[in-house]
Amino acid sequence: MHEPSNALSRYHRVSAGTEEARFLTAKNFPVDFDPDAPISDLRSIHDDAMSDFHRAYRSDMSDRSDRPEREKRSDGKSLLDLKIKIADRMLENCHFCDRRCGANRKKGEMGYCRIGAVSRYSSEFLHYGEEPELVPSHTIFLSGCVFSCVYCQNWEISTHPDLGIPILPKDVARIAATRRGLGARNLNFVTPTPHLHTILRILAEMRVNTPIVWNSNMYHSEEAAKLLCGVVDVYLGDFKYGNDGCAKRYSNADHYWDTVTRNFLCAYDDSEILLRQLVLPGHIECCTAPIINWVSDHIPAVRFNLMFQYRPAYLAHRYPEIARSLTESECEQASRLLAESGVCDGG
Ligand code: SF4
């Protein structure tokens, strides 16, 4: 049994019910805005509100025992309402992820991910296969993806954005409350980025106190990152590649390094991180090593999970260099690099 790591200390308090999940705080954080204002105005109000939110939130963190009850609003608008409104506008010119397609998904236009305005999920269940800190995790596998990883283990879900159950936020909120009652330690949205607008609406319907896990490739846009601040409790982020060439070759993602490092820095400033690095065969020097070095230099207080379960799934057989499992010596080499870095592996 793993001991809880310090990197996720706040998550553990929320999960235990001794602290409030951030989306609940955002939901009760009053913000006045005109829903019809231009998006630039809404963003500027959001920036100001987030400064206030962080000030209040950090002072709550420093002295939780004396935390005053926030004024609960029975009507009016909240920070979460503002985030929902901005996400709704972003959907008309989609830039949820850094592909920045500009598709008007509300009008049926499709961007790279081919996901429409209605989000779908392929399954939801209590997952026992995540990291020890997270299980049992109420995991919702959302349809589609903004990446095209040639070795994707979930390719049936990621390549079929049109399949799955259409999401009604109220229904999913109800399911989340039931799963929490059955022992879920968190609510874990998998492949969430193209579904940001839907996830925020689900949170608006939720009453139950549970930590929100953003289980993602961390390729969201800067604008999306701002909306996540103040609602995500744990960024469960994949850091896949140590350079842009490998990201392009295996996931068809451009400017990967700058995007993902920017988002990890933002997440680090905002909340807690459980970082996953799936070690790829033959990619220790070009990917695993630079990632460990960067994490050690920039975001050392994260829970780092080095993953060795790579199997050549989906189209990986077309890429001879990754059409195999890891060798024992590759696993040892990666483990040694992490141990020498001093980054927390949670063990
Ligand atoms: S989520 Fe990303 S890939 Fe999908 S339409 Fe929006 S910008 Fe394009």
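Before going into details, it helps to say that this report is about the structure given with it. (Residues numbered from 1 in each chain as written. Predicted model: local features only at pLDDT ≥ 70, side-chain atom pairs only at ≥ 80, totals over all residues.)

### So, the site of the ligand
Note the cut-off: To decide whether a residue is near a molecule or strand, its C-beta atom is placed from the backbone and checked for lying within 6 Å of it. Any residue that is not Ala, Val, Leu, Ile, Met, Phe, Trp, Tyr, Cys, Pro, Asp, Glu, Lys or Arg is counted as polar, Gly included; the first ten are nonpolar and the last four charged.
What surrounds the ligand is a group of 15 residues, the closest being Cys94, Cys97, Cys101, Gly111 and Cys113. Classifying every residue of the shell around the ligand by side-chain character gives 10 nonpolar, 3 polar and 2 charged.

### Thoughts on helix H4 (residues 79–90)
Our working rule: By the criteria applied, helices consist of DSSP H or I runs no shorter than four residues and strands consist of E runs no shorter than two, each listed in order from the N terminus. Helix span, as expected, comes to 1.5 Å for every residue beyond the first. Around each residue's C-beta, the other C-beta atoms within 10 Å are counted; 20 or more make the residue buried, 12 or fewer make it exposed, and counts in between make it partly exposed. All C-beta atoms are placed from the backbone.
The first and last C-alpha atoms of H4 sit 17 Å apart over 12 residues, in line with the 16 Å expected at 1.5 Å per residue. Extensive coverage of H4 is indicated by the burial of 9 of its 12 residues. What H4 keeps buried is the set Leu79, Leu80, Asp81, Leu82, Lys83, Ile84, Lys85, Ile86 and Ala87.

### Re the sheet that holds strand S6 (residues 234–238)
Spelled out, the test is: For two strands to be treated as a pair, DSSP must find no fewer than two bridges joining them.
Judged by pairing direction, the sheet is mixed, and its 8 strands sit side by side in the order S3-S1-S2-S4-S5-S6-S7-S8 without closing on themselves. Only two strands of the sheet have a single partner each, and these edge strands are strand S3 (165–166) and strand S8 (303–307). Sheet analysis places strand S1 (residues 120–127) next to strand S2 (residues 137–142), joined by 6 bridges and oriented antiparallel. Residue pairing across strands places glutamate 124 opposite isoleucine 140, the latter belonging to S2.

### A few points about the nonpolar core
Formally: For our purposes the nonpolar core covers buried Ala, Val, Leu, Ile, Met, Phe, Trp, Tyr and Cys residues that link as a set through C-beta atoms within 7 Å. Here contacts are defined at the residue level, using C-beta atoms placed from the backbone and a cut-off of 7 Å between them.
In this structure, Leu203 and Ile212 are the most contacted members of the largest nonpolar core, which totals 92 residues. Ranked by the residues each element gives to this core, the list is headed by H4, at 6 residues. Sequence-distant contacts of leucine 203, defined by excluding residues within four places in its chain, comprise Phe23, Leu80, Ile212 and Val231.

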